[in-house]
Every structure is written in structure tokens, then in C-alpha cells.
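# Per-entry structural report
One letter stands for each residue in the lines below.
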Amino acid sequence: MSIVVVVDSVDVDLVSGLVWDLGVSGIEERALPDGAVELRIGCERTIAQQVLEVLAERWAPNAEPVAADEGLDAWRDHAQVWRIGSIVIVPPWLETPIGVDENDLVIVIDPGHAFGSASHETTRMCLEAVVDLVTPGCAVADIGCGSGVLAIAAARRGATMVVATDIAADAIVATLDNALTNDVADLVEVSTATIDELDPTTFDVVFANIGAATLASMAAALVQVTKPEGVLVLSGLLGEQVETVISSFEQTGALRTEIRADGEWRTVLMKRPR
Ligand SMILES: C[S@@+](CC[C@H](N)C(=O)[O-])C[C@H]1O[C@@H](n2cnc3c(N)ncnc32)[C@H](O)[C@@H]1O
């Protein structure tokens, strides 16, 4: 299911933040000649009404449901390779660029209809955290795995236990396919398990690039699955949402360690105390 809405260019991040929070699977942007931006939002039928209602608070006149998945693949023509430190994310239909050497980690990702091509700032900030935090032998959770890009990068960095979960069927399919392509299918456990179903005190690093409202609602459970001294990487946040989300986690005893920024987007690192 897709929903199309035309917004002012200054509202693009706001709209994206609002609908990511609801669990949409992809957003395609197209600049219009008058300076406005058309957003084509992919989502499961079950949340389409909710997405339309949120948009209707400000942008209703331009929102319309369109045929299933129509236009969701147009971004493929503009896909590109992304380098994040030593990690190089390559769509399977593009060449690995010149200049990649044996110290780089080339990861081939086809997101299908899930989120996570690395074109979004939040994914790239999380990949930076993979480079900084994931060390050989550690246990990693990727909650809201989308394409599986973070889980797969963690496994390729040497994590020996990686759990990847998502509520969207497209994400599960993409993560399984991408894990196979990158030879880490035996390391990455992919499922629709809810955060409450994961074992407590298990993960050295927990990634959740999932939006403010969902993060706040899951705060206690996300901290619960993290090992003492383990790190939570919380992303999908706009600047004005950061303090609310941090305070939900602080109420569970977690400690803030760092706030990273890329444009409007923020990634918060927190620690479960010993
Ligand atoms: C912004 S994408 C992140 C994808 C990928 N991890 C990345 O960093 O690019 C958020 C993902 O969270 C999923 N999601 C939303 N609500 C969720 C929930 N309550 N539990 C698990 N996954 C959820 C969505 O389906 C979507 O795939």
C-alpha cells in the first residue's frame, strides 16, 4: 500500500519523522517544479489508516491512497554506493567502486521494499556506531531491522550472535535475502519476535532505528535485553524529540552517553549501568 502526500520542502523531515514512528516501510521523495516535495510512503495496509490520520492533521487535502507498491521501486534508478568509515554499502546492481581495499567491509544490500539502503542519515549514523562499537565476539540486536543492513554489518564486523527483528513482512524477507548474499545467514537470527520475547541481559549492543514514539514505548524492554555496561543506539529521532526519548530511558535507569547529529536527525547512545 502506498500513500502520496505533497508537502513544503521544509516539512519533509517532519513528515518523515512522524510516519517512520508509525512503522512505514519506505519513503520516496520527488522534488516538484514548484519547490514542493511529493512523498510516496509505503506501508502495510494495517497502518495505512493511521498514517492518513496523522497526515490529515496538516496535509489532508493532498493525501491519497494509491495502488499497491506502485512507484516504490523508482528509487532504484538513483541508488548509490555509500561509504561509512570502513563500511561500504553497495546495491547489487551497481559496481563496487574503485578505491575499496582489503581493509574495507563491502556489504551488498538490496532493501527490496524495506527501509535501509543507507541513503538515510539515521541508517548511516547507526552504521558509524557499528564501526565504533561492534567488536569480534559481541552479541548484537537490531530492533526494526528493515533491510537488515545493521545486523549484517554487525555480523560482518565479527559479532557472533545477531538477532534482527521487525514487524514488517517485507523487512523479514529483505533481511533473510541480504544475510544470505553476505554469507552471514548462519549468524543472523531473523524474526518477528517482539522485544518482550527476547532474552533479558543478552546483548552488548542494541540498535533501534525506529522513531521516537516507538522507542519511548519500548524503553524498559530495550534496556532489559541489554547487558550491564552494554550500549543502546537509538535512532530515527528529530532534534526536538531527543530529550523526551532520553527521559523515557533514564526512567529505567539507563544513562545517556552521547548524542550524534546529521542534519535534522539525531542518534542517541545510552548505556545500561552495571
Ligand atoms: C527506520 S526503519 C530502520 C531500518 C534499518 N534498521 C536501518 O537502520 O536502516 C524502521 C523499521 O522498524 C520497523 N518497526 C516499526 N515498529 C516496530 C516495532 N514495534 N517492532 C519492530 N520493528 C518495528 C519498521 O517496519 C521498519 O522496518
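Residues numbered from 1 in each chain as written. Predicted model: local features only at pLDDT ≥ 70, side-chain atom pairs only at ≥ 80, totals over all residues.

### Details of the sheet that holds strand β7 (residues 105-108)
As a reminder of what qualifies: Two strands pair if DSSP finds at least two bridges between them. For helices the rule is a DSSP run of H or I covering at least 4 residues; for strands it is a run of E covering at least 2, with both sets numbered from the N terminus onward. To obtain an axis, a line is fitted to C-alpha atoms, over the contacting stretch when the element is a helix, and the angle between two such axes runs from 0 to 180 degrees between their N-to-C directions.
Taken in spatial order, the three strands line up as β5-β6-β7 in an open sheet, and their pairing is mixed. Pairing within the sheet leaves two strands with one partner each, and these edge strands are β5 (82-84) and β7. Across this sheet, the average inter-strand angle for adjacent strands is 20 degrees, counted without regard to direction. Sheet topology note: the β5/strand β6 (residues 87-90) ladder contains three bridges and is antiparallel. Residue pairing for β6: isoleucine 84 is matched across the bridge by isoleucine 87.

### Some remarks on the environment of serine 247
The topology assignment puts serine 247 in helix α7 (residues 242-250). As for serine 247 and alanine 219, which are separated by 28 residues in sequence, their C-alpha atoms are 9.5 Å apart.

### Considerations on the domain arrangement of the protein chain
We count it as follows: Start and end points for every domain follow an automatic or database-based domain assignment. With C-beta atoms placed from the backbone, a contact is any residue pair whose C-beta atoms sit within 7 Å. Charged means Asp, Glu, Lys or Arg here, nonpolar means Ala, Val, Leu, Ile, Met, Phe, Trp, Tyr, Cys or Pro, and polar covers whatever is left, Gly included.
By the assigned domains, the protein chain splits into domain 1 (2-72) and domain 2 (79-271). Placing a centre on the C-alpha atoms of domain 1 and another on those of domain 2 gives a separation of 24 Å. Listed per partner, the contact involves 11 residues of domain 1 and 14 residues of domain 2. Sorting elements by how many residues they give to the side of domain 1 that touches domain 2 places helix α1 (residues 12-21) first, with four residues. A class-by-class count of the residues in the side of domain 1 that touches domain 2 yields two nonpolar, five polar and four charged.

### Some words on the nonpolar core
So the rule is basically this: What we call a nonpolar core is a set of buried Ala, Val, Leu, Ile, Met, Phe, Trp, Tyr and Cys residues whose membership is set by joining through C-beta atoms within 7 Å. Counting other C-beta atoms within 10 Å of its own, a residue is labelled buried from 20 upward, exposed at 12 or fewer, and partly exposed in the gap between, with every C-beta atom placed from the backbone.
One finds Val140, Leu150, Ala151, Ala154, Val206, Leu222 and Val233 to be the most contacted residues of the largest nonpolar core, which totals 68 residues. Not counting the four nearest positions on each side in its chain, valine 206 is found in contact with Ala141, Ile143, Leu222, Val225, Thr226, Gly230, Leu232 and Val233.

### Examining the pairing of strand β13 (residues 255-262)
With seven bridges joining them, β13 and strand β14 (residues 265-271) adopt antiparallel strand pairing. Bridging across to β14, alanine 261 finds its partner in arginine 266. If you look at the hairpin formed by β13 and β14, you'll find two residues sitting between the two strands, and glycine 263 has a positive phi there, around 60 degrees.

### Details of the packing of helix α6 (residues 212-225) against α7
Describing two packed helices takes the angle between their axes plus the distance from one axis to the other. Note the cut-off: Should an angle fall under 35 degrees it is called roughly parallel, over 145 degrees roughly antiparallel, and 65 to 115 degrees roughly perpendicular, with every other angle called oblique. Here a crossing is taken to be left-handed if its near helix is turned anticlockwise relative to the far helix by less than a right angle, and right-handed if that turn runs clockwise.
Two elements in contact, α6 and α7, have axes whose closest approach is 8 Å; the angle formed by their N-to-C orientations is 20 degrees. Between α6 and α7, the angle falls in the class roughly parallel. In this structure, α6 crosses over α7, and the sense of that crossing is right-handed. The residues of α7 that touch α6, namely those facing Ala212, Leu215, Ala216, Ala219 and Val223, are Thr244, Val245, Ser248 and Phe249. Grouping the amino acids of the contact of α6 with α7 by side-chain chemistry returns seven nonpolar, two polar and no charged.

### Let's talk about the site of the ligand
Our working rule: For each residue, a C-beta atom is placed from the backbone, and the residue is labelled near a molecule or strand when this atom is within 6 Å of it.
Near the ligand you find 24 residues, and of these Gly23, Gly116, Thr123, Gly144 and Gly146 are the closest. Taken together, the elements giving at least two residues each to the shell around the ligand come down to α3 (121-133), β8 (139-143) and α4 (149-156). When its residues are assigned to classes, the shell around the ligand shows 12 nonpolar, 10 polar and two charged. When we break the shell around the ligand down by domain, the ones giving at least three residues each are domain 1 (2-72) and domain 2 (79-271).

### Quick notes on unusual backbone geometry
With phi around 85 degrees, alanine 118 is a residue other than glycine that occupies positive phi space. Structurally, the position occupied by alanine 118 is in the loop between β7 and α3. Despite not being glycine, glutamate 229 has its phi angle at roughly 75 degrees, a positive value. Counting through the fold element by element, glutamate 229 comes out in strand β12 (residues 226-238).

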